[in-house]
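# Examining the three-dimensional arrangement
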Amino acid sequence: MTTETQKTYHRNDLIRSIEDMNPNCHPSQAGMLKSALTSVLISVETHDPKMFQEIMQFEMRCQERMKALD
């Protein structure tokens, strides 16, 4: 019988993996990151709606600030 150990991931692991899979191809990297972000947000929204709302409120405030800089 084997025991599997679970790896602990960090926020940059996915980004590095996507960059390694698509070096110098920013459109592919952007598409994969968008897909990953969508997946993460769906998971958080499903499992922790309060945290999802906190994340979204923070990100929407950031978007408004960026629009104001234009």
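Residues numbered from 1 in each chain as written. Predicted model: local features only at pLDDT ≥ 70, side-chain atom pairs only at ≥ 80, totals over all residues. Heavy atoms only, no water.

## Points about the overall build of the protein
Counting secondary structure elements, the protein contains three helices and zero strands. Relative to a compact globule of 70 residues, whose C-alpha radius of gyration would be 11 Å, the protein shows 16 Å and is clearly more extended. For the C-alpha atoms alone, the extent of the protein along its principal axes is close to 60 × 35 × 15 Å. Split into buried and exposed, the 70 residues of the protein put 10% on the buried side. When the accessible area of the protein is evaluated, it comes to approximately 6,700 Å², of which 57% is carbon and sulfur surface. (Helix = DSSP H or I, 4+ residues; strand = E, 2+ residues; numbered from the N terminus. Rg over C-alpha atoms; globule rule 2.2 N^0.38 Å. Buried < 20%, exposed > 50% of the residue type's maximum accessible area, 1.4 Å probe, protein only. Areas by Shrake-Rupley, 256 points an atom, 1.4 Å probe, with all protein chains shown as cover.)

## Some points on the confidence of the model for the protein
Confidence in the prediction of the protein, expressed as mean pLDDT, is 94, and 96% of residues score 70 or more. Least confident of the elements in the protein is helix α1 (residues 11-21), whose mean pLDDT is 95; most confident is helix α2 (residues 26-47), at 97. (pLDDT = per-residue confidence, 0-100.)

## Here we look at the side chain of Asn22
Within the secondary structure, Asn22 sits in the loop between α1 and α2. If we ignore the near neighbours within four places in the chain, the residues touching Asn22 are Ser28, Gln29 and Met32. (Contact = heavy atoms within 4.5 Å.)

## Quick word on the environment of Lys7
Secondary-structure assignment places Lys7 in the segment before α1. Sequence-wise, Lys7 and Glu54 are 47 residues apart; in three dimensions their C-alpha atoms are separated by 27 Å.

## Observations regarding the packing of α2 against helix α3 (residues 49-69)
In a packed pair of helices, the relevant descriptors are the angle between the two axes and the axis-to-axis distance. For the pair α2 and α3, interaxial distance at closest approach is 5 Å and the crossing angle is 130°. Taken together, the axis directions place α2 and α3 in an arrangement best described as oblique. Between α2, through Leu41, Val44, Glu45, Thr46 and His47, and α3, the contact on the second element is made entirely by Pro49, Met51, Phe52 and Ile55. Class assignment for the residues of the contact of α2 with α3 results in six nonpolar, two polar and one charged. (Axes fitted to C-alpha atoms, helices over the stretch in contact; angles between N-to-C directions. Parallel < 35°, antiparallel > 145°, perpendicular 65-115°, else oblique. Nonpolar A, V, L, I, M, F, W, Y, C, P; charged D, E, K, R; others polar.)

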